[in-house]
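Report on the structure
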Amino acid sequence: MLIQTQTQMQTLIQMQTQMLIQTQTQMLIQTQTQMLTQMQTQMLIQTQMQTLIQMQTNIIMTQQINQMITNYLILVITLKIMAHYLVHYLLHLEDYS
């Protein structure tokens with residue numbers, strides 16, 4: 001009877017140990033899954049930040065190109081005005097002498 005009781009106790013302890021190991025394994029898997037999810041979220045955020053930076057860079061470059069075009073147009077208009085007055089002056093040069 002004593003041996004049977006000891007055997008039952010050992011069996012019960014083994015079952016409890018197996019359940020504890022199983023519970024710890026499940027907790028470990030859950031923790032690893034959470035870490036993986038966090039890493040994926042961080043990677044997604046990083047990708048979105050890179051996309052945002054690229055978009056901002058494109059906007060800045062577009063603004064700079066637009067400013068260059070505006071400056072060029074101002075230069076062309078200024079040159080046209082100067083050419084107009086130069087032609088007018090040359091045509092009426094005799095009037096000034």
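The structure contained in this document is the topic of the report that follows. (Residues numbered from 1 in each chain as written. Predicted model: local features only at pLDDT ≥ 70, side-chain atom pairs only at ≥ 80, totals over all residues. Heavy atoms only, no water.)

It is worth spelling out the overall build of the chain at this point. A count of helices and strands for the chain gives two helices and zero strands. Expected size for 97 residues packed as a compact globule is a radius of gyration near 13 Å; at 42 Å, the chain overshoots this value by more than 25%. Overall, the C-alpha framework of the chain stretches about 140 × 10 × 5 Å when taken along its three principal axes. Expressed as a percentage of its 97 residues, the buried residues of the chain come to 0%. When the accessible surface of the chain is summed, it comes to about 9,700 Å², and 67% of that surface belongs to carbon and sulfur atoms. (Helix = DSSP H or I, 4+ residues; strand = E, 2+ residues; numbered from the N terminus. Rg over C-alpha atoms; globule rule 2.2 N^0.38 Å. Buried < 20%, exposed > 50% of the residue type's maximum accessible area, 1.4 Å probe, protein only. Areas by Shrake-Rupley, 256 points an atom, 1.4 Å probe, with all protein chains shown as cover.)

Here Ile 65 shows up in helix 1 (residues 2-91). For the pair Ile 65 and Gln 8, spaced 57 residues apart in sequence, the C-alpha separation works out to 85 Å.

Attention shifts here to the environment of Leu 93. Assignment of secondary structure puts Leu 93 in helix 2 (residues 93-96). Residue Leu 93 is classed as partly exposed on the basis of its relative accessible area, which comes to 37%.

Limitation: the analysis is restricted to geometry and does not speak to function.
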